[in-house]
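Here's the letter readout for the chains.
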Amino acid sequence: MSLYNELPSTFVTTNVDKLINWGRASSLWYLLFGLACCGIELMQTGGPRADLDRFGSVPRATPRQSDLMIVAGTVTLKMASRVKLLYEQMPHPKYVISMGSCSNCGGLFDLGYSVLRGVDKVIPVDLYVPGCPPRPEALTEGIIEVQDKIHRERYLARNN
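Residues numbered from 1 in each chain as written. Predicted model: local features only at pLDDT ≥ 70, side-chain atom pairs only at ≥ 80, totals over all residues. Heavy atoms only, no water.

### Observations concerning the overall build of the chain
Along the backbone of the chain there are 5 helices and 5 strands. Put simply, the chain runs from its N terminus to its C terminus through helices and strands in the order α-β-α-β-β-α-β-α-β-α. With respect to the principal axes defined by its C-alpha atoms, the chain has extents near 75 × 40 × 25 Å. For the chain, buried positions account for 39% of its 160 residues. The contacts of the chain with a sequence gap of at least 6 include a subset with a gap of at least 24, amounting to 80%. When the accessible area of the chain is evaluated, it comes to approximately 10,000 Å², of which 57% is carbon and sulfur surface. (Helix = DSSP H or I, 4+ residues; strand = E, 2+ residues; numbered from the N terminus. Buried < 20%, exposed > 50% of the residue type's maximum accessible area, 1.4 Å probe, protein only. Contact = heavy atoms within 4.5 Å. Areas by Shrake-Rupley, 256 points an atom, 1.4 Å probe, with all protein chains shown as cover.)

### Thoughts on the environment of Arg54
When you line up the elements, Arg54 lands in the loop between helix H2 (37-46) and strand S2 (58-60). For Arg54, a relative accessible area of 55% puts it in the exposed group. Expressed as a C-alpha distance, the spacing of Arg54 and Ile150, which sit 96 residues apart in the sequence, is 17 Å. Looking at Arg54, its side chain comes within polar contact range of the main-chain oxygen of Ala50, at 3.1 Å. (Polar contact = N/O pair within 3.5 Å; in protein donor to acceptor, adjacent residues only side chain to side chain.)

What follows is the structure in structure tokens.
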């Protein structure tokens, strides 16, 4: 058996960025933050039919253990400061999905004086999931898009 030009079958080559991003994308822990009817669809997505667990997404009740915030529902002006506080308590890197028409642009309640016209006025949003309320399949596709974004990030490479 020659040592040259032969590798064991269990030998894998990759770079560290890809390895770290694979681990991060495969373990997205999302913050439970359902504000209105979209929150019911968020719960359904975590349920047995849509099953977000198969993508490594696990709901967390605290922002200090979450790296993804799913804002589902109508954000009022009174709630906007709490949304920002929860976002600031999340560790870096952090991602935000705005789920539903109400959190995207105010939706059905856009003309109300107490409704925030888009959660992006308070925190940066990475992905918008449209619908009123969006189906669990749409949110699942949004989670997959965030995972693709994580796979494309580079942390350890030099910026030349």
